[in-house]
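Residues per chain are reported as follows:
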Amino acid sequence: MTDIFVKGGPIPPRRRRAQLNWLLTVLPAFPLVLLVLRLWYLSRQDLPTMLLLVQYISPLGMISALFITLIWTVPAAILVLRALGGILLVSAPADAGRSLLAVTALRMPDWVVLLATMLAAFTWQLRLLPVLGMLIVSILGATATLRFRTERWLMLWITVGVPVFTGLLVLIFVWPGIVTALHAGETTTALMLGVPPLLGPLLTGPVPAWSARLVTHWPAVAAALVAPLAIGIIFLRAPVLPDSAVEVGPAGSAPHIVRGQLISVDDTSTTMLQSDGAVVFIPNDEVRSKTLCPQPVRPPDSVVSVRGWRVEESALSWIAPTHRDDTVDPRCLGRPLNPS
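Described in the following lines is the structure provided in the data block. Note that the structure is a prediction, hence the values are computed from the model and not measured. (Residues numbered from 1 in each chain as written. Predicted model: local features only at pLDDT ≥ 70, side-chain atom pairs only at ≥ 80, totals over all residues. Heavy atoms only, no water.)

A closer look at the overall build of the protein
Line of reasoning, step 1. Of the regular secondary structure elements, the protein holds 12 helices and seven strands.
Line of reasoning, step 2. For the protein, the residues scored as buried account for 39% of the 340 residues in total.
Line of reasoning, step 3. Within the protein, contacts between residues at least 6 apart in sequence are counted, and of these 65% link residues at least 24 apart. (Helix = DSSP H or I, 4+ residues; strand = E, 2+ residues; numbered from the N terminus. Buried < 20%, exposed > 50% of the residue type's maximum accessible area, 1.4 Å probe, protein only. Contact = heavy atoms within 4.5 Å.)

Okay, here's the thing in structure tokens:
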């Protein structure tokens, strides 16, 4: 099946190529805009400071920070697009050919969905994993409806049996967390854990044709409009320079501490960016010592855990080794290393 032929005709090939060209133009430009805005935000909207940061900050470091911060958004976009497009395809096939959402979902390879599912399973927080299960059963149901319409028992198993069985397993696993969340007054967490397994069986088949575009196309448009703003806000707060503390003072005098983000170290001076956006050039012969300061550990957003797994943690945070300092370097607190 290579195209969708509909009552009013599919999207004309020329128009479809034009839409795709615009999309391919915007997608590579969006990360570049994020990187520029991050430097602009970091420099406190001061152009000379921004140009200094551009000169010394490694593009690889910026891209790494962007990737680590926003890696969870990639599977979210792929899976939501495939799920909404699949529902539109099976609900209103006569109008689906005029929707770029449906055409994109139809032509999305299965291996892309599989990789997105695996990435989401590792990078999404535990409280979002029931939503992942809901998206997976919805995609399976829509795909079965499109490909196995003559296999009645197979369709019944995929569109009804699998969603019910999967939802039951998810509910059994997260039930202790739902109970804890309700007792702790965290209604939102309880809903995020308990509602998606119940909705999965309802999203595997068609919806009324008159409401198909309302429940699929417009939520996708709204998400496409809100997602860049949300992603930008998240990335603007991501660290891109090492937070450091430098002990400064000429020989024979009491040192003082300069806290900030380390920009560069050359033959003559050490360049630091302070929290107020001021750039400080410290002569190297006055630098007594320096150290990296760990990021402050955020208090947990929720007290809820599911079978020992905190709801704000991802599977990757369990697997990947983490570095935690038990003691805080006094220089990171603004005190000399060896006070006299």
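Details of the side chain of serine 138
Line of reasoning, step 1. Relative to the helices and strands, serine 138 is located in helix α8 (residues 129-147).
Line of reasoning, step 2. A polar atom in the side chain of serine 138 sits 2.8 Å from the backbone oxygen of leucine 203.
Line of reasoning, step 3. Here serine 138 is in contact with Ala83, Ile87, Leu203 and Thr204, once residues within four sequence places are set aside. (Polar contact = N/O pair within 3.5 Å; in protein donor to acceptor, adjacent residues only side chain to side chain.)

Quick look at the sheet that holds strand β5 (residues 287-292)
Line of reasoning, step 1. Overall, antiparallel pairing links the five strands, which are arranged β4-β3-β2-β1-β5 in an open sheet. In this open sheet, the two edge strands, each paired with only one partner strand, are β4 (279-283) and β5. Along the sheet, successive strands turn relative to each other by an average axial angle of 45°, direction set aside.
Line of reasoning, step 2. Pairing analysis gives six bridges linking strand β1 (residues 243-248) to strand β2 (residues 256-265), with the strands arranged antiparallel. Within the sheet, the bridge partner assigned to alanine 245 lies in β2 and is arginine 259. (Pairing = 2+ DSSP bridges. Axes fitted to C-alpha atoms, helices over the stretch in contact; angles between N-to-C directions.)

Regarding the pattern of salt bridges
Line of reasoning, step 1. Scanning the entire structure with this criterion turns up three salt bridges.
Line of reasoning, step 2. Between aspartate 243 and arginine 259 there is a salt bridge, with the nearest N and O atoms lying 3.0 Å from each other. A residue pair is termed long-range when its members are at least 10 positions apart, and aspartate 243 in strand β1 and arginine 259 in strand β2 qualify at 16 residues.
Line of reasoning, step 3. Owing to a relative accessible area of 31%, arginine 259 belongs among the partly exposed residues under this scheme.
Line of reasoning, step 4. For the salt bridge of arginine 310 with glutamate 312, the shortest nitrogen-to-oxygen distance reads 3.0 Å. (Salt bridge = Lys/Arg side-chain N within 4 Å of Asp/Glu carboxyl O.)

Points about unusual backbone geometry
Glycine aside, a negative phi is what most residues show, and trans is what most peptide bonds show.
Line of reasoning, step 1. One non-glycine residue, arginine 44, adopts positive backbone phi at about 60°.
Line of reasoning, step 2. Locating arginine 44 in the fold gives a position in the loop between α1 (13-42) and α2 (47-56).
Line of reasoning, step 3. Exposure remark for arginine 44: the relative accessible area of 39% places this residue in the partly exposed category.
Line of reasoning, step 4. At glutamine 45, a position not held by glycine, the phi torsion is positive, near 60°.
Line of reasoning, step 5. Note on placement: glutamine 45 falls in the loop between α1 and α2.
Line of reasoning, step 6. Take glutamine 45: its relative accessible area is 47%, and that puts it in the partly exposed class.

Brief notes about helix α3 (residues 59-70)
Line of reasoning, step 1. Along its 12 residues, α3 runs 16 Å from first to last C-alpha, staying within 8% of the 16 Å computed at 1.5 Å per residue.
Line of reasoning, step 2. Here α3 has its buried residues at Met62, Ala65, Leu66 and Leu70. Here the buried residues of α3 occupy an arc of 100° about the axis, which is enough to place them on one side. The exposed set on the far side of α3, more than 90 degrees from its buried face, consists of Leu60, Phe67 and Ile68.
Line of reasoning, step 3. Two or three places before leucine 60, at the start of α3, stands the capping residue serine 58, its side-chain oxygen 3.2 Å from that residue's backbone nitrogen. (Expected span 1.5 Å × (residues − 1). Arc of directions from axis to C-beta.)

Regarding the state of the cysteines
Line of reasoning, step 1. The full count for this structure, using the stated rule, is one disulfide.
Line of reasoning, step 2. Between cysteine 293 and cysteine 332 runs a disulfide, and the two sulfur atoms are separated by 2.1 Å. Because the torsion about its S-S bond is -100°, the bridge between cysteine 293 and cysteine 332 counts as left-handed. Within this pair, whereas cysteine 293 is found in the loop between β5 and β6 (305-306), its partner cysteine 332 is found in the segment after α12 (315-319), the two being separated by 39 residues in sequence.
Line of reasoning, step 3. Residue cysteine 293 is classed as buried on the basis of its relative accessible area of 8%.
Line of reasoning, step 4. The buried category is assigned to cysteine 332, whose relative accessible area is 10%. (Disulfide = S-S within 2.5 Å.)

Observations regarding the packing of α8 against helix α10 (residues 187-199)
Line of reasoning, step 1. At a closest axis distance of 8 Å, the pairing of α8 and α10 adopts a crossing angle of 10°. With respect to their mutual orientation, α8 and α10 come out roughly parallel. Between α8 and α10, the contacting residues are Pro130, Val131 and Met134 on the first element and Met192, Leu193, Pro196, Pro197 and Leu199 on the second.
Line of reasoning, step 2. In terms of residue class, the contact of α8 with α10 is built from eight nonpolar, no polar and no charged. (Parallel < 35°, antiparallel > 145°, perpendicular 65-115°, else oblique. Nonpolar A, V, L, I, M, F, W, Y, C, P; charged D, E, K, R; others polar.)

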